[in-house]
Amino acid sequence: MFDAMTDTKRRVKLYALNADRQWDDRGTGHVSCTYVERLKGVSLLVRAEADGALLLESKIQHDTVYQKQQDTLIVWSEADNFDLALSFQEKAGCEEIWEKICSVQGKDPTIETTQDIVEESEDERFDDLSDSAPPVELPLCEIGRLKEIKDLFITCMATPLNKDRLAEAIENDGYVRKLVKLFNLCEDLNNLEGLHCLYDIVKNIFLINKNALFEMLFADDIIFDVIGCLEYDPTLPIRKYHRHHLKNVSKFKEVILITNLELLNKIHQTHRVQYIQDVVLPTPSVFEDNMLSALSSFIFFNKVEIVTLIQEDEKFLPDLLGQLQDESTPDSRKLELVQFLKEFCNFSQNLQPPQKEGFFRTLTSLGILPMLEMTLMSEDVNIKQAAIDILTILVEFSPSVIREYILQQSSDTVTQANGSEVELMLMNVIIEQMICDTDPDLGRAVQLMGVIRVLIDPENMLPSLSKVEKTDFLNYFYKHSVQILIAPLLANTVDGEPARDDYQNAQLLAHILELLTFCVEHHSYHIKTCILNKDLLKRVLVLMKSAHKFLVLGALRFMRKIVALKDEFYNRYIMKGCLFGPVIDCLLDNNGRYNLLDSAIIELFEFIKLEDIKILIAHVVENYGKKFEHIDYVQTFKALRIRHSQQTEKLKEKPITSCITSVTVSTGRFRRDPRQIEDEEEIWFNNEDDEFDDGEAVVPHTGMTGSTEITASEQLESIGKSIDKKCEGSSTKIFGTTVKTTPIMNNNLAATPALSSSPEDSKNSSLLKKALVDYEGDSDEEEDENGDLKSPTKRPRYT
């Protein structure tokens with residue numbers, strides 16, 4: 001075990017192909033090939049490098065297809081649609097394990113595939129033919145036989161068995177190099193018919209989808225001839241000059257000297273193969289998505305190897321980032337460096353999450369974020385664009401790393417020549433670059449807006465051991481950055497009219513509004529404080545006068561999001577500023593046209609009606625009712641008026657329809673029929689929601705027998721005075737009884753009086769409490785034989 005764990009020759013990475021046809025890294029460890037008693041056979045075992053945990057235990061089956069690729073990869077299918085791969089650190093280790101696999105299956109270790117690959121649906125069809133099928137005999141590679149060769153290739157491609165036999169024949173005969181020589185001859189003779197045949201032949205070699213053939217096609221000395229064969233597509237009227245593009249147009253720039261020849265060759269090869277896949281080969285149809293899966297795997301592993309080799313170089317990345325941060329580096333040189341870094345970060349997308357996180361942590365430790373601050377402010381548009389692309393990659397993968405850096409620098413300041421201090425913050429640089437984008441279409445602004453949105457999104461902010469990221473970062477953002485974001489909006493709405501209403505400025509304001517709308521939805525307290533302090537909604541609604549409908553709709557969307565919160569503070573702010581005015585005016589100016597603006601405004605009022613936001617319904621009808629009373633093509637405004645009338649009627653009827661009907665006050669005893677109490681309770685709970693909004697209390701309506709009669713309005717005034725005092729221990733006279741008041745809060749009552757009598761009126765007071773039991777929700781009290789009160793039996797308060 002010790003030898004296996006320390007032998008670098010057997011050090012491997014285990015990969016598994018996921019449902020998206022991407023290779024997932026399952027871990028790094030050491031592989032061995034031993035007999036496993038439980039599985040009753042020789043098996044491949046991979047134990048984790050870190051703790052020795054078993055990452056893989058796979059019995060070598062005699063019918064499993066194993067493939068050796070790129071001298072350091074062994075790929076096979078463990079079960080249906082479950083592909084595995086072992087990537088070896090050393091070629092010798094791969095060969096050793098490959099020999100043991102071949103030994104178990106009884107195969108020659110010099111081959112690259114241990115079994116014939118047969119389509120699942122055709123397994124039975126070829127079971128009897130697989131051993132007896134004769135090998136494919138390839139014709140002599142001559143110009144006169146090119147059509148015969150093309151027809152043979154097309155015929156063999158029709159069945160999986162013959163396709164495998166064809167691949168064996170091409171590999172064993174070195175047929176690729178023979179075809180390349182024939183191509184050079186045909187091109188020298190300008191034999192167009194032969195060149196068209198060679199195109200079909202080479203294209204079919206690609207479609208065989210064998211890694212061993214790709215290794216032959218992509219050899220450094222023949223790859224350009226292979227690309228040349230693919231220039232002569234007989235279906236195209238004009239020839240494509242791919243070799244000219246690769247040799248002369250897309251020249252390789254070695255921005256940092258690469259001393260590792262293996263890395264240099266791998267970069268060249270990957271670029272050319274990627275070009276073949278993306279440009280040269282025809283675009284696969286929906287039914288051919290997996291026709292070149294081996295080619296995609298070839299490119300994937302090449303990119304992983306390039307990133308790994310560069311990351312392991314101790315001088316390469318520090319030198320690159322150091323030159324980018326050096327102010328003396330000329331812009332032309334910076335452009336080359338930042339474009340290389342961008343390409344490097346794109347390659348890192350092929351890494352699995354653990355490796356990718358380590359990669360970005362390495363770049364962060366080397367100072368990539370301070371470098372991005374400088375390059376984002378560059379006058380060169382190309383440098384700025386490359387920096388934005390890099391920042392986007394970093395933020396999309398790990399926004400927490402960016403936020404951590406921003407919080408660390410929040411206390412850093414730089415003193416200017418005039419003595420003032422300016423905070424240098426990456427977040428502010430991003431916002432400023434978004435606002436100051438010179439692109440007529442604001443392409444960079446849109447990209448930076450996406451970056452800002454990810455950074456301020458609470459959904460990807462997680463609590464850590466040392467701090468709560470959401471709290472810290474949002475506090476920082478609203479203290480240091482939000483004023484920069486809203487500055488263009490405030491500057492453009494100073495005089496109640498849009499100061500600038502050109503298309504580019506309208507686009508910018510629309511992007512700012514989109515971010516602010518996102519903040520309203522996700523940030524609650526922070527953005528509420530900002531809106532109320534800056535009178536922000538009023539400023540936003542000035543944009544309803546813009547000539548650009550997309551900006552008008554953006555302003556309306558911002559208000560709609562605020563109204564949707566049904567927040568009391570927002571509602572009172574809207575009412576105080578009469579902020580429905582611009583919306584109503586915009587609706588009237590639209591003059592009933594059937595468009596998106598008309599529908600959006602009506603939907604806002606429809607929402608207020610459906611959600612029954614009483615305070616806004618009353619405000620809209622009372623202040624703007626006459627303006628929209630003629631609008632009858634929708635029923636929304638008519639319904640608002642009806643709803644308001646119903647509310648008004650309920651308020652007027654409230655003292656008359658009080659739920660507590662009659663209480664008798666006399667020099668004798670108070671007594672009510674028990675059935676009366678049950679009836680009153682039913683009335684109370686049936687009317688509670690409708691009758692007592694906004695902190696209104698229930699007032700007992702008393703019919704007096706043999707005593708002075710107190711009207712309902714006088715009772716309401718008396719109790720209302722006691723509520724207004726809101727001071728424990730204060731007292732007032734109700735029905736001739738001294739009553740102490742204490743505020744009691746529940747869902748429907750803002751403050752209700754708790755009653756206690758003076759000693760001389762104890763009996764009357766107690767009986768009064770009994771009469772008000774349904775109003776307060778307190779306990780019932782029983783009398784003993786002498787008419788005195790027993791100890792109360794408590795019951796739950798209804799709220």
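Residues numbered from 1 in each chain as written. Predicted model: local features only at pLDDT ≥ 70, side-chain atom pairs only at ≥ 80, totals over all residues. Heavy atoms only, no water.

Attention now moves to the nonpolar core. Core analysis: the largest hydrophobic core is formed by 136 residues, its most contacted members being Leu-341, Ile-368, Met-427, Ile-531, Leu-537, Phe-580 and Phe-605. Contacts of Ile-531, omitting those with residues within four sequence positions, involve Val-520, Leu-536, Leu-537, Phe-558, Ile-562, Tyr-570 and Tyr-573. Counting residues in each nonpolar core, the second largest holds 52 residues, with Cys-229, Ile-276, Val-280 and Ala-294 among its members. (Core = buried A, V, L, I, M, F, W, Y, C linked by side-chain atoms within 4.5 Å. Buried < 20%, exposed > 50% of the residue type's maximum accessible area, 1.4 Å probe, protein only. Contact = heavy atoms within 4.5 Å.)

Quick look at the packing of aromatic side chains now. Taken as a whole and assessed by the stated rule, the structure comprises 21 aromatic pairs. Here Tyr-15 and Phe-300 contribute two aromatic rings whose centre-to-centre distance is 6.3 Å and whose plane-to-plane angle is 90°, an arrangement assigned as edge-to-face. With Tyr-15 in strand E1 (residues 11-17) and Phe-300 in helix H12 (residues 293-312), this residue pair connects regions lying 285 residues apart in the sequence. Pairing Phe-605 with Phe-637 gives two aromatic rings, centres 5.4 Å apart and planes at 55°, and the pair type is tilted. Here Phe-605 is found in helix H28 (residues 596-610), whereas its partner Phe-637 is found in helix H30 (residues 636-653), with 32 residues between them in sequence. Counting every residue linked through ring pairs, the aromatic cluster contains Phe-316, Phe-340, Phe-344, Phe-359, Phe-360 and Phe-397. (Phe/Tyr/Trp six-rings, centres within 6.5 Å; stacked < 30°, edge-to-face > 60°. Helix = DSSP H or I, 4+ residues; strand = E, 2+ residues; numbered from the N terminus.)

The end-to-end C-alpha distance of H28, which contains 15 residues, comes to 20 Å, matching closely the 21 Å that a straight helix rising 1.5 Å per residue would cover. When we look at burial in H28, the residues that qualify are Leu-597, Asp-598, Ile-601, Ile-602, Leu-604, Phe-605, Phe-607, Ile-608 and Lys-609. Those residues of H28 hidden inside the fold are in contact with helix H25 (549-564), helix H27 (581-590), helix H29 (614-628) and H30. Backbone geometry just after H28 places Asp-612 at a positive phi near 55°. (Expected span 1.5 Å × (residues − 1).)

Residues at a pLDDT of 70 or more form 75% of the chain, whose mean pLDDT is 77. Segment residues 1-5 is flagged for pLDDT under 50; beyond a separation of four residues in sequence, or across chains, it makes 7 contacts in the model. A low-confidence stretch, residues 413-422 stays under pLDDT 50, and its non-local contacts, those more than four residues away or across chains, total 10 contacts. (pLDDT = per-residue confidence, 0-100.)

Relative to the helices and strands, Cys-186 is located in helix H6 (residues 175-189). Using a relative accessible area of 0% as the deciding quantity, one classes Cys-186 as buried. Those residues in contact with Cys-186, other than ones at most four positions away along the chain, are Ile-143, Leu-146, Asn-191, Gly-194, Leu-195 and Leu-198.

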